[in-house]
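Reading the structure
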Amino acid sequence: MSTPQLVVHRDKELMAQAAAARLITKIVDAQASRGTASVVLTGGRNGNGLLAALAAAPARDAVDWGRLDLWWGDERYLPEGDPERNVTQAREALLDSVPLDPERVHAMPASDGPYGADVEAAAEAYAAELAKAAGPENHGSVPTFDVLMLGVGPDTHVASLFPELPAVRETERTVVGVHGAPKPPPTRISLTLPAIRAAREVWLLAAGEDKAEAAAIALSGAGEIQAPAAGAYGRARTLWLLDAAAASQLPRSLYPPASP
Ligand SMILES: O=C1O[C@H](COP(=O)(O)O)[C@@H](O)[C@H](O)[C@H]1O
C-alpha cells in the first residue's frame, strides 16, 4: 500500500490541465521504457475535464496513441452510444480526436450488447478480457496498469463502488455487476478494490466544493466499506489531485498551500 500524496491546485481548470500534463508525461515515459502504456479511465465531471484538457494540450502529440491501452474503472450499464455512458463521454472529450488503435480501447459492455440485461455476465466478460491482457510479469488476473484514475464522488464512491454496497466488499473478483447504485443509473459494472490496487499508480481526482467532505473523510482514516475512496491505492503511488475547494475541509497538516 502506498501512502496518499496530495497535490492541490488553485481551481478545477488548472487541476485538469496539470493532471493532463502529468498523464502525458506518464504515458510517454511508459512507452519509452516498455513500448506501450496502459491507462484506466474514469467517468464523471473531473475525469472528463481531464480528458478535455488533454485534447486541448499541444503536448498530446508526444503520445504514441496507437500504443496505448485504455480500460475503464466503471461503466453505467446503458445501451451503446447512450450519452450517459462513460465511454460515450470519453469519446466526445478526447478519444474521437486521437489516433487510437480500436483493438486497444477496452470499453465495458453495453446493456444492448451480447449480455443483454445480464450485468453479471457482462462483468465476467470484462474480467476475462483483463485476465487475457495480464502477462506473467503481472501480479494476478489484471494487467499492472500504469495509471488508474478515479473520480471521487461526493459520497466518497470511486468507480461504481458505493459506500456499504456489496461491490465494495468484494475481495476475489476483479469486476462485478452493481445493482441499486444510489446515483443513476442503478445498474453498473465496476472494477473492484483488488483490481484497482493492482495499478502501479492510482490517481484520485476531486475538484469542487461538493467533494470537500468526501476528501476529508477518505483521507482522515475512514474505512473503505464506509468510504470506498479510502481503499483505493496503487502499488507504487497513490496521488490525490484536488482543487482548493475540494481541499477546503482537509486538516492543514495534510497538504501544502494551493499554488498561486
Ligand atoms: O457515476 C460516476 O461518478 C463518479 C464521480 O463523478 P463526478 O461527476 O461526481 O466527478 C465517477 O468517478 C464514475 O466513474 C462515474 O461512473
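Going by the structure above, here's the rest.
For clarity, every value in this text was computed on a predicted model and none was experimentally measured.

Counting its regular elements, the protein contains 6 helices and 9 strands. Here the C-alpha atoms of the protein give a radius of gyration of 17 Å, agreeing with the 18 Å that 2.2 N^0.38 yields for 260 residues. Its C-alpha atoms give the protein principal-axis dimensions of roughly 50 × 40 × 35 Å. Burial analysis of the protein (260 residues in total) assigns 48% to the buried set. At a minimum sequence separation of 6, the contacts of the protein that also span at least 24 residues come to 76%.

Strand order in the open sheet formed by 6 strands is β1-β9-β8-β5-β2-β3, and the pairing between neighbours is parallel. Sheet topology places β1 (4-9) and β3 (68-72) at the edges, where each strand pairs with a single neighbour. Strand-to-strand twist in this sheet, taken as the mean axis angle between neighbours without regard to direction, amounts to 20°. Where strand β5 (residues 147-151) and strand β8 (residues 201-206) come together, 5 bridges link them in parallel fashion. Opposite G151, over in β8, you have L205 as the bridge partner. Where helix α1 (residues 12-34) meets the sheet, it contacts β1, β2 (37-41), β3, β5, β8 and β9 (237-243), and its direction lies at approximately 155° from that of β9.

As a packed pair, α1 and helix α2 (residues 44-56) sit with axes 8 Å apart at the nearest point and diverge in direction by 65°. With respect to each other, α1 and α2 are oriented roughly perpendicular. Crossing handedness for the pair α1 and α2: right-handed. In this structure, α1 contributes K12, A16, Q17, A19, A20, L23 and I24 to the contact, and α2 contributes G49, L50, A53 and L54. The residue inventory of the contact of α1 with α2, partitioned by class, reads 8 nonpolar, 2 polar and 1 charged.

Let us look at α2. In a regular helix each residue adds 1.5 Å, so 13 residues correspond to 18 Å; α2 covers 19 Å between its end C-alpha atoms and thus fits that length. Where α2 is concerned, the buried positions are G44, N46, G47, N48, G49, L50, L51, A53 and L54. Along its buried surface, α2 packs onto α1, β2, α3 (86-93), β5 and β8.

Another aspect to go through is the site of the ligand. Near the ligand you find 15 residues, and of these G43, G44, R45, G151 and G153 are the closest. For the shell around the ligand, the secondary-structure elements that each account for two or more residues are α2, β4 (74-76) and β5. Sorting elements by how many residues they give to the shell around the ligand places α2 first, with 4 residues. Partitioned by chemical class, the residues of the shell around the ligand number 2 nonpolar, 9 polar and 4 charged.

A few words on the pairing of β3. Burial within β3 is extensive, with 4 of its 5 residues counted as buried. For β2 and β3, the ladder comprises 5 bridges, and the chain directions are parallel. Of the residues in β3, the one forming a bridge with L41 is W72. Handedness of the β-α-β unit built from β2, α2 and β3 comes out right-handed.

Time to look at the pairing of β9. Counted residue by residue, β9 has 6 buried out of 7 residues, so it is predominantly covered. Bridge count between β1 and β9: 6 bridges; the pairing is parallel. Residue H9 lies in a different strand from β9, and its bridge partner there is D243.

Every buried residue of α3 is accounted for by N86, V87, T88, Q89 and A90. Of the surrounding elements, those touching the buried residues of α3 are β2, α2, β3 and β4.

Conventions we followed
Residues numbered from 1 in each chain as written. Predicted model: local features only at pLDDT ≥ 70, side-chain atom pairs only at ≥ 80, totals over all residues. Helix = DSSP H or I, 4+ residues; strand = E, 2+ residues; numbered from the N terminus. Rg over C-alpha atoms; globule rule 2.2 N^0.38 Å. Buried ≥ 20, exposed ≤ 12 C-beta atoms within 10 Å, placed from the backbone. Contact = placed C-beta atoms within 7 Å. Pairing = 2+ DSSP bridges. Axes fitted to C-alpha atoms, helices over the stretch in contact; angles between N-to-C directions. Parallel < 35°, antiparallel > 145°, perpendicular 65-115°, else oblique. Left-handed = near helix turned anticlockwise from the far one by under 90°. Nonpolar A, V, L, I, M, F, W, Y, C, P; charged D, E, K, R; others polar. Expected span 1.5 Å × (residues − 1). Near = placed C-beta within 6 Å. Right-handed = clockwise from strand over helix to strand, strands pointing away.

This is a description of form; function is not addressed.
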